[in-house]
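An overview of the molecular structure
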Amino acid sequence: MKKLKRILLVLIVLAAIAVIYYYPKLRRVNHAMHLFDDDEIVNNLRTIGDWWAYHSIQASTNAQGLPERSGGIVADEFMVNESWIAVDEYLKKTYTNGLLVMQDDTIIHEQYFDGHSEEQTQIVWSVSKSFLSALFGIAISEGDIKSIEEKVEDYCPELIGSGYEGVRIKDVLQMSSGVRFNEDYADFFSDINRWGRDFSWGNSQDKFAATLTREKEPGTYHHYVSIDTHVLGMILVKATGRSIASYAQEKLWNPLGMEHDSYWIIDDFGMEAALGGLNTTIRNCARLGSLFLNKGKWNGEQIVPEAWVTASTTPDAPHLIPGARESSAHSLGYGYQWWVPEGDDGEFLAIGVYNQFIYINPKTRTVIVKHSANPGFAQGEFLAGTDVFLELCRKIASLNYGSVEEESVSNPL
């Protein structure tokens, strides 16, 4: 009887230790599974840092406000598929937190909803990928990464034996790695949701990437694989010897005079969620848009190489050209972590799930940023589609192109 009591006591102690150790992980996984609930999503996307560890990115010590002027126009309605959509209805039904419009590097319209503000950070999901593209271009220009023609395993030998072995860095940049991956957010058992639970438990993202296998010949088919961006993050960290957040602080936040503190969530091994873990503000996103609008220049200084900006936003192979095609799972075209729609204006976009966008139109010199918390995204609701947002942007850009008189200009770039 005494022996049985000792065994029970040991089991109780072990169970208590397990609860103490695993409880935070269990809470985090549970929170992740309810992250997009209709009644919680707005607050949840603003408070990611309350649940996940992160690396901070401080506002620039030389931060200054963006130029502003009055007279900007936002349409009352716009047309999609021969049907008119009221702008107010669209913004409301897509759970918009904020909308910012820039013309000629100057804010002409800025509007916030549901308690959001210009200082409020929120997770921007895959818009993070376009920030990472800028950092990657800088690392190449500075010689830390020799060439995008190199193979993934040249920097990440731990991926030998995975679907990434033998794949060019360029193919990973262009979401053409050939790796098998299901990115369906509505499917509980999809790879992206499996990754989300794995990340929330605190497991290594690097090890997760090493479990993926080959599906198609690299460089032949455009298939969106978020882990491709994580692999780019692995390469960047290995090549620079820096965390992604630290590198972003020096190479983007400081030189661009970013106004607001930001942060990038990390796994329990200290690696950023490169594929979508950046938490930042609308104005900080607008600065990235303005940087790429101006071919990588800011205040006359070349921050990102012009050739990199051009290559990032120019599809250069048949499977990447926008439009319906058998060699792509998507109708949009693709560059280096930027989306490219059909059209003659040279438009390109950063896109994140639940309706995060940075839209750039070089012809009209327009940048439009939208942050949202739209639970309708996962259900495939019509208004949640990128094509709808594109038509709104085109309408706004056309109304303001050459029509806004400069008034009350301050803090010119």
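Higher on the page you've got the structure.
A short tour of the structure in this document, coming up. Everything numeric here is computed off the predicted structure, so don't read it as measured data.

A count of helical and extended segments in the protein chain gives 12 helices and 15 strands. For 413 residues, the compact-globule estimate of 2.2 N^0.38 gives 22 Å, and the protein chain sits close to it at 22 Å. Considering only C-alpha atoms, the protein chain reaches an extent of 90 × 45 × 45 Å along its principal axes. Here the protein chain holds 413 residues, and the buried ones make up 55% of them. Sequence-distant contacts in the protein chain: of pairs separated by 6 or more residues, those separated by 24 or more amount to 70%. In the form shown here, the protein chain has an accessible surface area of approximately 17400 Å², with 52% of it arising from carbon and sulfur atoms. Each charge sign in the protein chain was given a centre, from 35 positive and 55 negative side chains, and these centres are 9 Å apart.

Turning next to a nonpolar patch on the surface. Taken together, the side chains of Met1, Leu4 and Leu8 define a hydrophobic patch exposed on the protein surface, amounting to about 340 Å² of accessible area. Structurally, leucine 8 is set in helix α1 (residues 2–33).

Moving on to helix α8 (residues 226–240). For α8, built from 15 residues, the straight-helix expectation of 21 Å at 1.5 Å per residue is met to within 8% by its first-to-last C-alpha distance of 22 Å. For α8, a buried count of 13 out of 15 residues is recorded, marking the element as mostly surrounded by other parts of the structure. The first or second residue beyond α8 is glycine 241, which carries a positive phi of 70 degrees.

Think of a sheet as strands paired side by side through backbone hydrogen bonds, with each pair either parallel or antiparallel. Spatial ordering of the open sheet is given by β1-β7-β8-β6, a layout of 4 strands whose pairing is antiparallel. The strands lining the two open edges of the sheet, one partner per strand, are β1 (54–57) and β6 (122–123). Packed on one face of the sheet, helix α9 (residues 244–253) meets β1, β7 (262–265) and β8 (278–280) and runs near 15 degrees to β1.

Inspection of the entire model under this criterion finds 22 salt bridges. Across the pair arginine 283 and glutamate 68 runs a salt bridge whose closest N-O atoms are separated by 3.2 Å. Of the two residues, arginine 283 sits in helix α10 (residues 282–293) while glutamate 68 sits in the loop between β1 and β2 (77–80), which places them 215 residues apart along the sequence. Under the relative-accessibility criterion, arginine 283 is labelled buried at 3%. Among the residues examined, glutamate 68 registers a relative accessible area of 36% and is labelled partly exposed. The partner of glutamate 118 in a salt bridge is arginine 283, with the nearest N and O atoms 3.6 Å apart. Separated by 165 residues along the polypeptide, glutamate 118 in the loop between β5 (106–112) and β6 and arginine 283 in helix α10 bring together distant segments of the chain. What makes glutamate 118 partly exposed here is its relative accessible area of 25%. Residues joined in a network through salt bridges with shared partners are Glu68, Glu110, Glu118, Glu259, Arg283 and Arg287.

A few words on the nonpolar core. Note on soluble globular proteins: their nonpolar side chains tend to be buried together. Core analysis: the biggest nonpolar cluster contains 91 residues, and Phe131, Tyr164, Ile227, Leu252 and Ile358 have the highest contact counts within it. For this core, the leading source of residues is helix α4 (residues 127–141), giving 8 residues. Membership of the second largest hydrophobic core comes to 29 residues, among which are Leu91, Trp339, Leu349 and Leu392.

Okay, the pairing of strand β14 (residues 356–361) next. Regular strands place their side chains on alternate faces of the sheet. Counting buried positions along β14 gives 6 out of 6 residues, so the element sits mostly inside the fold. Because side chains alternate across β14, one face comprises the buried residues Gln356, Ile358 and Ile360, and the other comprises Phe357, Tyr359 and Asn361, equally buried. Pairing between strand β13 (residues 348–352) and β14: 5 bridges, direction antiparallel. Bridged to phenylalanine 348 within β14 is isoleucine 360. Taken together, β13 and the strand that follows it, β14, pair antiparallel across an intervening segment of 3 residues, in which tyrosine 354 is found at a positive phi of about 65 degrees.

Moving on: the packing of α4 against α10. Running from N to C, α4 and α10 cross one another at 50 degrees; their axes reach a closest spacing of 11 Å. If you check the angle between α4 and α10, you find them oblique. The handedness of the crossing between α4 and α10 is left-handed. Contacts from Val127, Ser130, Phe131 and Ala134 in α4 reach Asn284, Cys285, Leu288 and Phe292 in α10. Residue composition of the contact of α4 with α10, grouped by class: 6 nonpolar, 2 polar and no charged.

Now for the pairing of β5. Pairing geometry for strand β4 (residues 96–103) and β5, over 6 bridges, is antiparallel. Across the sheet, glutamine 103 pairs through a bridge with threonine 106, a residue of β5. Counted between consecutive antiparallel strands, the loop separating β4 from β5 contains 2 residues, among which aspartate 104 sits at a positive phi close to 50 degrees.

Quick look at the side chain of threonine 94 now. Turning to its location among the elements, threonine 94 is positioned in the loop between α3 (87–93) and β4. Among the polar contacts made by the side chain of threonine 94, one reaches the side chain of threonine 96 at a distance of 3.2 Å. Setting aside anything within four residues of it in sequence, one finds threonine 94 in contact with Asn355, Lys370, Ser372, Ala373, Asn374 and Leu383.

Cut-offs used in this document
Residues numbered from 1 in each chain as written. Predicted model: local features only at pLDDT ≥ 70, side-chain atom pairs only at ≥ 80, totals over all residues. Heavy atoms only, no water. Helix = DSSP H or I, 4+ residues; strand = E, 2+ residues; numbered from the N terminus. Rg over C-alpha atoms; globule rule 2.2 N^0.38 Å. Buried < 20%, exposed > 50% of the residue type's maximum accessible area, 1.4 Å probe, protein only. Contact = heavy atoms within 4.5 Å. Areas by Shrake-Rupley, 256 points an atom, 1.4 Å probe, with all protein chains shown as cover. Lys, Arg positive; Asp, Glu negative; His and termini not counted. Charge placed at Lys NZ, Arg CZ, Asp CG, Glu CD. Patch = residues over 30% accessible without salt bridge, like charges linked within 9 Å, V, L, I, M, F, W, Y side chains within 5 Å. Salt bridge = Lys/Arg side-chain N within 4 Å of Asp/Glu carboxyl O. Expected span 1.5 Å × (residues − 1). Pairing = 2+ DSSP bridges. Axes fitted to C-alpha atoms, helices over the stretch in contact; angles between N-to-C directions. Core = buried A, V, L, I, M, F, W, Y, C linked by side-chain atoms within 4.5 Å. Parallel < 35°, antiparallel > 145°, perpendicular 65-115°, else oblique. Left-handed = near helix turned anticlockwise from the far one by under 90°. Nonpolar A, V, L, I, M, F, W, Y, C, P; charged D, E, K, R; others polar. Polar contact = N/O pair within 3.5 Å; in protein donor to acceptor, adjacent residues only side chain to side chain.

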